[in-house]
Amino acid sequence: MINNKQYNRLINIAKSLCPIYKCHRCFHVAFLLKHNKIYKIGWNQIKTHPLLKLYPYYSIGIHAELNVIMKANKDDLSDYTLIVIRLNRNNKILYSKPCSACQNVMKQFNLYNCYYSNYNGSLSKL
Ligand SMILES: [Zn+2]
């Protein structure tokens, strides 16, 4: 589990990435950490991907969790921690529990250490 200082750092990185993607209603950022160091950063995207056909996604586009798992390009992510943060257009932190489709993908990559931003802006364990 990361400490508050590390969490604030991730929030600042998420905010700095956010303005590029104003087309999104909400901005989801997924950090893949190993030993509390950032390995890859993913975010939600509107474009589609062939992998999406394999999973029951109901919305269009790539979720941040799937995006960061694709960037990692590894079969086994059991040593990694996933942290998902969601921001709205005013940079407010919102609830970002991974959807069931993303949770299925995470299981297939042995990614069981996951935390997400909750309603009060702190992290909850999945
Ligand atoms: Zn999802």
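Quick summary incoming for the structure in this document. (Residues numbered from 1 in each chain as written. Predicted model: local features only at pLDDT ≥ 70, side-chain atom pairs only at ≥ 80, totals over all residues.)

Time to look at the packing of helix α2 (residues 64-72) against helix α3 (residues 100-108). A packed helix pair is summarised by two numbers, namely the angle formed by the two axes and the spacing between the axes. Following both chains from N to C, one finds α2 and α3 inclined at 25°, their axes separated by 9 Å at the closest point. Classified by the angle between their axes, α2 and α3 sit roughly parallel to one another. As α2 runs across α3, the sense of the crossing is left-handed. Touching E65, L66 and I69 of α2 are C102, V105 and M106, all from α3. Residue composition of the contact of α2 with α3, by class: 5 nonpolar, no polar and 1 charged. (Axes fitted to C-alpha atoms, helices over the stretch in contact; angles between N-to-C directions. Helix = DSSP H or I, 4+ residues; strand = E, 2+ residues; numbered from the N terminus. Parallel < 35°, antiparallel > 145°, perpendicular 65-115°, else oblique. Left-handed = near helix turned anticlockwise from the far one by under 90°. Contact = placed C-beta atoms within 7 Å. Nonpolar A, V, L, I, M, F, W, Y, C, P; charged D, E, K, R; others polar.)

Turning our attention to the pairing of strand β3 (residues 80-88). Taken across its 9 residues, β3 has 7 buried, putting it largely inside the fold. In terms of strand pairing, strand β1 (residues 26-34) meets β3 through 9 bridges, oriented antiparallel. Among the inter-strand pairings, F27 is bridged to a residue of β3, identified as L87. With 2 bridges joining them, β3 and strand β4 (residues 93-94) adopt antiparallel strand pairing. Within β4, the position partnered with L87 by the bridge is I93. Counting the residues that bridge the hairpin from β3 to β4 gives 4 residues, and of these N91 lies at a positive phi of roughly 65°. (Buried ≥ 20, exposed ≤ 12 C-beta atoms within 10 Å, placed from the backbone. Pairing = 2+ DSSP bridges.)

Positive phi, normally seen in glycine, also occurs at H35, with a value near 50°. Along the polypeptide, H35 turns up in the loop between β1 and β2 (37-43). A positive phi angle, close to 55°, is found at N73, a residue other than glycine. The residue N73 is located in the loop between α2 and β3 in this model.

The next thing to look at is the environment of I46. Inspection of the secondary structure assignment puts I46 in the loop between β2 and α2. Take I46: there are 11 C-beta atoms within 10 Å of it, and that puts it in the exposed class. Note: C-alpha distance between I46 and I62 (16 residues apart in sequence) is 6.3 Å.

Below, the discussion takes up the pairing of strand β5 (residues 113-117). Across the 5 residues of β5, 4 count as buried, placing the element largely inside the fold. Of the pairings in the sheet, the one linking β3 to β5 comprises 4 bridges and is parallel in character. Each residue of the ladder has a partner; that of V84, found in β5, is Y116. Taken together, the 3 bridges between β5 and strand β6 (residues 123-125) define a ladder with antiparallel strand orientation. Pairing of Y116 across the sheet is with S124, part of β6.

By size, the foremost hydrophobic cluster in this structure holds 26 residues, and its most contacted members are V29, A30, L82 and V84. In terms of residues, this core owes the most to one element, β3, which gives 6 residues. Once residues lying within four places of it in the same chain are set aside, the contact partners of V29 are A14, L17, I41, W43, A64 and I85. (Core = buried A, V, L, I, M, F, W, Y, C linked by C-beta atoms within 7 Å.)

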